[in-house]
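Remarks on the overall topology
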Amino acid sequence: MNVQADAVRTLSYAEALREAMDIALGADQRVVLIGEDIGIYGGAFQVTGDLVEKYGEDRVMDMPISELGGAGVAVGAAMTGLRPIFEFQFSDFATLAMEQIVNQAAKVRYMLGGAVSVPLVMRFPAGSGTGAAAQHSQSLEAWFGHVPGLKVVQPATPEDAKGLLLAALEDPDPVMIFEHKLLYKTRGPVPEGAYLTPIGKASLRREGRDLTIVATAIMVQKALEAAEVLAGEGVDAEVIDLRTIRPIDRETVLESVRKTGRLLCVYEAVKTLGIGAEISAMVAESDAFDFLDAPIVRLGGAECPIPYNPDLERAAVPQVADIIAGATDLAQGRT
Amino acid sequence: MPVEVILPKVDMDMTVGTIAAWHAADGDRVEKDAPLFDIETDKAAMEVESPASGFLHHICAEIGAEVTIGTPVAWIYAEGETVGEAPLVFVKRPVFEEVPRDRDEPAAQREDAPTLTDKTRATPAARRLAASEGLDIAEVAGCGPRGRVQAADVERMLKGPEPDRSWQSARGPLNVLYSGGGDGLPIVMIHGFGADGGGWKALEEALPPGHPLFKIELSAHGRSPLSRIDGFRDLAAAVREAFDALQLDCVHLIGHSLGGALALALSATRARKIDGLTLIAPAGLGPEINGDALFGLARATKVESLRPWMQQLVADPGVITERFAKAAMQSRRDANLRAAQHHMAEALFPDGVQAFDMTVALKELDCPARIVWGRRDRMIPWRHALQAPGTVALHLLEDVGHLPHLERPELLAGLMRDLR
C-alpha cells in the first residue's frame, strides 16, 4: 500500500464545496444548481467552477439578475421534487429574496399541513474582509436564525463545508449555508467521498480549562489562533465551533461552560441582538448559570455598516488581538 | 448693576434654608469674602460670604425667614452706584419640585426593598461553591473587579491561608516562615497578638534586600500549634525554643506589640545573639492597653464585628478596607484558633491590663535598639515609650496608629537601612 496516498488530503473551502456539489450532482439526478453567473463564469467566488462543463446547463443553471425570481424558481423546484442548490452572489442580496425565503420556503410545510416540504439548499457568500463595502460584506445569518422553518449553518472548515452541504441536501427542509468569503481559500483536510456533518451539532475544536470561546464561521479560525497565543500566556481556552445557529447545539455549550465557568462569544455580525445574545441567554436560563464565575463577554461587529476603508473594515469586526485581550481579561477575572 | 446675594445650596439635598443671622445691616459697607449672613438647614449651620465689596441694600429675607435656594436675599451696590428700587425677583422653581409627590418611590428606596449595599457581589459559581461547602458568601474576601467574590476566592478560603510561595516552614515548636538567602544579617520577626506571619508583608517588601527573614508565628497564631498559653512565661519559652531551633548566631530582632515584649524577653536570655532590636509599639512597658479592642478582636466571628476593632489599630480607618478585613477574618475562621487566642488574651491581659512588665529588660538591653511608635496608637499609649533609657532611639510617628509596619512600611524600613 502506498503510504503517500493515505496522507491526509487537503482542499480549499471552495474546492470542498464544489466537491460536495459534484458528488451530489453525480449521485442524484434531482440535484440542480441555480444561481447568477454560476455556469460559464463559475460563480462570483468560483465555487461552482467548471461543474457546468461536467453536468451541462440543464443541471447548472444561470439565472437572470433577480434574486427574488431565482429564489422563487428554486422554492418551486424544491416543492415539486427537485433538490435545488441556490447560490446567492452575496448574502446581502438575501434581502431581495426575503419573501421567498421567509414567507414561502420557511412556511410552506407548516401551512400545507406537512403535505409538502421545501428541500432547498441556499448558499450565501458572507462576511467582510474583501473590501466589498457596506452592501456586500454583511453577516445576516442571525436574521434567518430567527425564523422557524429555516435551518442555518456556518461551516468554518473545508471538511464541514462539504459535510454540511451534503447534510443540507439530505434535509427535507430549507437549509441556508453562510460561507465566509475569507474562508474560501483556506485549506484543510477533507475526507474523500460522501459523508455528512450533522446539522445542529457544534464541534469542540480545542479543549481547555479556563474559559469557553463560542465562535462562528471565520471567528472559529481566529479564536483557535488566539487560543494558541493564550496558551503561551497560561490561559487555556476551550474553543467551540457552533457550526449551526438554527437549531443551536445547546448541550455542547452548556457542558463547556459548566466546566470552565467563563464564556466569551465571538461572531462577526453586529454585536447587538445577535447570536452572542442568544448564547448568553441560553446559558443564563440554564443550570450552567450557577457555574459562571464571571460576566459573559461578547465580541461582535461594530454598530455600523462595514466600512470600505480597509483599516476601518478590519476594526469593525473582532480580530485575533481582540479575542486574546478579551479572553485574557475574562480568564484572569478582570471583567 | 447691583450684585445679587443669593441663598446658596450648601448641601446635597437642601431645598430651603433659614436665615439665622445677618452680619451687616441695610446700607452697611461689606467686603468681598467677609461673612455676610448665616443660614441653617435641617442638617447644618453655615456662614455665607459676601460675593462682592460694596454697600448692602434691599435685604428681603429677615432673620428666621425660610428661603428657597437660589433666591436673592439682598443686593450689593458698588461705591457711588445709585440705589433705586429693589430689583424684581424672578424665582425659577427648582426642577425637583415639578416631580409629583405622590409618585411611587423607586423600588430601591422602599423599606422592604433589598439594598445593594448589604448584598455581596459574587459570581454564581462562587455562590454555588460556598453554599455546597456551608460557607457564608459574605465572609469571603473577593479579589475580583470591585471586590467581586469569584470561585477562586472561595477555594482559597476553603484551603485556608497559604504562605507566600517563597516562604518555607522551619521545624520547631512554633511555625517559623523563612525566606531568602543573601549574606546580610538575618532578621527575626515576632508579630503581635491576633496577627500572623502574613502581617509583615508590607514591611518585608520595603526592607533592603539581602537579609534572610525569619517570621516566628506565636502559639495559636498563623500555622503554629494551638497550644494552651497560661501566661507570658509560657509564650516567651515557646518563642525562645523556636529561636534556638533556628540555630542563628547573630540576628536583628523585630517585635511588634506583644511580639515586642517577647523580643525584649528573648534579648534578656539570648543577649549575645541579638545584634540589634527594633521594637514597634511594644507591649510590657506599662499596664494600660485597649482591652475592649483586644478582646473584641479575639472574639470577632464576622467581618462586621472584626472590622471596627481593626480600624482602632490604625490612624486612618480607611486603611482597613472591607476586603482587608475579610482577608483577616479568613485567617481567623477556625473556631479552635479563636478560642485558643481568647484564652491567651485572658491569660496575658486579665481585665484588660498588661500583666507582664518588660521595663527591666528594656533598661538592661545590651545592644542598639530603637522604639517606633505611632502617636495615634489607640491600643497601647505611645507614652510607654518614655520608659526607655536614653540609649534607646525613639521614633514617635505623627499620624500613625498601632501598626507602623503596615501604615508606614517605607518609613520604618528607612529607619533600618543601617542594618549590616
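Worth saying up front: this structure is predicted, and the values here are computed from it rather than measured.

**Considerations on the pairing of strand β11 (residues 237-241) of chain A**
Residue and element names in this part refer to chain A. Among the 5 residues in β11, 5 count as buried, and that is most of the element. Taken together, the 3 bridges between strand β9 (residues 203-206) and β11 define a ladder with antiparallel strand orientation. Opposite L204, over in β11, you have I240 as the bridge partner. In terms of handedness, the path from strand β10 (residues 211-215) via helix α9 (residues 218-232) over to β11 forms a crossover that is right-handed.

**Quick word on empty space enclosed by the protein**
Residue and element names in this part refer to chain A. All told, the structure shown has 2 cavities of 30 Å³ or more when counted by the stated rule. By volume, the largest cavity is sized at about 70 Å³. Around the largest cavity, the lining is made up of 14 residues, and of these S139, E141, Q154, H180 and A217 lie nearest the centre. Secondary structure elements with two or more residues in the lining of the largest cavity: β7 (175-180), α9 and β13 (263-270). If you tally residues by element for the lining of the largest cavity, the top one is β7, at 3 residues. Here the residues of the lining of the largest cavity sort into 6 nonpolar, 5 polar and 3 charged. Volume-wise, the second largest cavity comes out at about 40 Å³. Lining the second largest cavity, in full, are E141, A142, Q154, T216, I245, Y267, A269, G274 and I275. Secondary structure elements with two or more residues in the lining of the second largest cavity: α7 (141-145) and β13. Here the lining of the second largest cavity gathers at least three residues from each of two domains, domain 1 (8-191) and domain 2 (203-331).

**Re the environment of A:V175**
Residue and element names in this part refer to chain A. Relative to the helices and strands, V175 resides in strand β7. Its relative accessible area of 0% is what places V175 among the buried residues. Remark: the alpha-carbon pair of V175 and V121, spanning 54 residues in sequence, is separated by 5.0 Å. Other than its neighbours up to four places away in sequence, V175 contacts L120, V121, M122, K151, V153, A168 and I199.

Cut-offs used in this document
- Residues numbered from 1 in each chain as written.
- Chains lettered and ligands numbered in written order.
- Predicted model: local features only at pLDDT ≥ 70, side-chain atom pairs only at ≥ 80, totals over all residues.
- Heavy atoms only, no water.
- Buried < 20%, exposed > 50% of the residue type's maximum accessible area, 1.4 Å probe, protein only.
- Helix = DSSP H or I, 4+ residues; strand = E, 2+ residues; numbered from the N terminus.
- Pairing = 2+ DSSP bridges.
- Right-handed = clockwise from strand over helix to strand, strands pointing away.
- 1 Å grid on protein atoms, 1.4 Å probe; cavity = no way out; pocket = protein on both sides within 12 Å on 5 of 7 lines; lining within 4 Å.
- Points joined across faces, edges and corners; volume = space filled by probe spheres on them.
- Nonpolar A, V, L, I, M, F, W, Y, C, P; charged D, E, K, R; others polar.
- Domains from an automatic or database assignment.
- Contact = heavy atoms within 4.5 Å.

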